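Coordinates in review
If you want the building blocks of each chain, they are given just below.
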Amino acid sequence: MAMAADDIEAMIRAGIPDAVVEITDLAGDGDHYAARVVSPSFAGLSRVKQHKAVYETLGGRMGGELHALQLTTAAS
Amino acid sequence: MMTDDINARIDGIVKTNKVVLFMKGSPLFPQCGFSSRAIAILDHLNVTYESVDVLQDQAIRQGIKGYSDWPTIPQLYVDGEFLGGSDIMMEMYESGELAALFAGADTAQ
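Bear in mind that the values here come from a model prediction, so they are computed numbers and not experimental data. (Residues numbered from 1 in each chain as written. Chains lettered and ligands numbered in written order. Predicted model: local features only at pLDDT ≥ 70, side-chain atom pairs only at ≥ 80, totals over all residues.)

1. Structural notes on the overall build of chain A
Secondary structure summary: chain A contains 2 helices and 3 strands in total. Mapped from its N terminus to its C terminus, chain A presents α and β elements in the order α-β-β-α-β. A compact globule built from 76 residues would reach a C-alpha radius of gyration of about 11 Å, and chain A, at 12 Å, matches this within 12%. Overall, chain A is about 35 × 20 × 20 Å in size when its C-alpha atoms are taken along their principal axes. Here chain A holds 76 residues, and 26% of them are scored as buried. In chain A, the proportion of contacts linking residues at least 24 apart, taken out of those at least 6 apart, comes to 51%. (Helix = DSSP H or I, 4+ residues; strand = E, 2+ residues; numbered from the N terminus. Rg over C-alpha atoms; globule rule 2.2 N^0.38 Å. Buried ≥ 20, exposed ≤ 12 C-beta atoms within 10 Å, placed from the backbone. Contact = placed C-beta atoms within 7 Å.)

If you want it as structure tokens, here you go:
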């Protein structure tokens with residue numbers, strides 16, 4: 001079961017309230033997304049920790065029903 | 001106990017190889033676009049690396065996710081440390097950080 005872009009965005013925002021989230025449906029098939037997440041809360045965190053923080057908001061869906069989410073993160 | 005065994009196995013692989021990529025498929029025949037992208041980056045930087053095909057080993061395929069607390073494959077390890085997946089590799093490649101890292105690590109061919 002694929003996820004809608006709006007659902008992904010809503011989950012990330014719920015977990016990281018100050019995040020600016022930009023979702024792109026890469027293939028137009030509702031299954032391959034790119035997400036860019038910018039949050040001041042990422043300041044000082046390694047890239048791995050920034051990505052893990054985003055994955056946490058998705059509650060275990062990453063690698064499961066969300067197979068293809070290209071993620072980039074930044075603090076500002 | 002199974003978990004301890006697989007963690008010890010993965011730890012051995014990670015600690016005995018300077019650069020190791022856990023991926024789906026082989027460098028010549030990657031079985032997933034993300035693994036393919038990771039290989040392309042390493043090849044482009046002329047890095048010597050070891051690869052582990054998780055599709056050939058279900059225990060590692062599941063175990064590696066717990067080992068690094070990271071939900072997806074590929075996963076790149078350099079000098080025993082988890083560096084990231086293909087997105088982080090791409091970011092670090094584009095910023096030049098990855099080239100600098102491998103130049104410093106003396107892993108270039």
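2. Here we look at the interface of chain A and chain B
When the parts come together, some accessible area is lost, and that loss is often what is quoted as the size of the interface. Each side of the interface is counted separately: chain A has 10 residues, and chain B has 9 residues. Mapped onto the side of chain A that touches chain B, the elements with two or more residues apiece are helix H2 (47-57) and strand S3 (68-74) of chain A. Residue contributions to the side of chain A that touches chain B peak at 5 residues, all from H2 of chain A.

3. Brief notes about the sheet that holds strand S2 (residues 50-53) of chain B
Sheet strands line up and pair through hydrogen bonds in the backbone, either parallel or antiparallel. All names here are of chain B. In spatial order, the strands read S2-S1-S3-S4; together these 4 strands make up an open sheet with mixed pairing. Where the open sheet ends on each side, the last strands, each with one partner, are S2 and strand S4 (81-84). In this sheet, adjacent strand axes meet at a mean angle of 25 degrees when their direction is disregarded. For strand S1 (residues 19-23) and strand S3 (residues 75-78), the ladder comprises 4 bridges, and the chain directions are antiparallel. (Pairing = 2+ DSSP bridges. Axes fitted to C-alpha atoms, helices over the stretch in contact; angles between N-to-C directions.)

4. With respect to helix H4 (residues 86-95) of chain B
A turn of α-helix holds 3.6 residues, and therefore any two residues three or four places apart point the same way. The set of residues buried in H4 of chain B consists of Ser-86, Asp-87, Ile-88 and Met-89 of chain B. Trailing H4 of chain B by a residue or two, Gly-96 of chain B shows a phi angle of about 85 degrees, which is positive.

5. So, the sheet that holds strand S2 (residues 32-38) of chain A
Residues and elements named next belong to chain A. Pairing in this open sheet of 3 strands is mixed, and the strands run S1-S2-S3 from one edge to the other. Each edge of the open sheet carries a strand with a single partner, namely strand S1 (20-25) and S3. Averaged over all neighbouring strand pairs, the angle between strand axes comes to 15 degrees, with direction disregarded. In terms of strand pairing, S1 meets S2 through 6 bridges, oriented antiparallel. Counted as the bridge partner of Thr-24 is Ala-34 from S2.

6. Points about the packing of helix H1 (residues 5-15) of chain A against H2 of chain A
Residue and element names in this part refer to chain A. One can describe the packing of H1 onto H2 by two numbers: an axis separation of 8 Å at closest approach and a directional angle of 110 degrees. Considered as vectors, H1 and H2 are oriented roughly perpendicular to each other. The chirality of how H1 crosses H2 is right-handed. Of H2, the residues touching H1 (which contributes Met-11, Ile-12, Ala-14 and Gly-15) are Val-54, Glu-56 and Thr-57. Class assignment of the residues belonging to the contact of H1 with H2 gives a composition of 4 nonpolar, 2 polar and 1 charged. (Parallel < 35°, antiparallel > 145°, perpendicular 65-115°, else oblique. Left-handed = near helix turned anticlockwise from the far one by under 90°. Nonpolar A, V, L, I, M, F, W, Y, C, P; charged D, E, K, R; others polar.)

7. Overview of the environment of Ser-76 of chain A
Residue and element names in this part refer to chain A. Among the secondary structure elements, Ser-76 is positioned in the segment after S3. Classification of Ser-76 by C-beta neighbours within 10 Å gives exposed; the count is 8. Along the primary structure Ser-76 and Val-20 are separated by 56 residues, whereas in three dimensions their C-alpha atoms are 9.4 Å apart. With residues up to four places along the chain from it excluded, the contact list for Ser-76 reads Val-38 and Pro-40.

8. Regarding the nonpolar core
Residues and elements named next belong to chain B. Core analysis: the largest hydrophobic core is formed by 27 residues, its most contacted members being Leu-21 and Ala-38. Residue assignment for this core shows that the elements contributing at least two residues are helix H1 (2-16), S1, helix H2 (33-44), helix H3 (58-68), S3, H4 and helix H5 (97-105). Here this core gets 5 residues from one element, more than from any other, and that element is H2. (Core = buried A, V, L, I, M, F, W, Y, C linked by C-beta atoms within 7 Å.)

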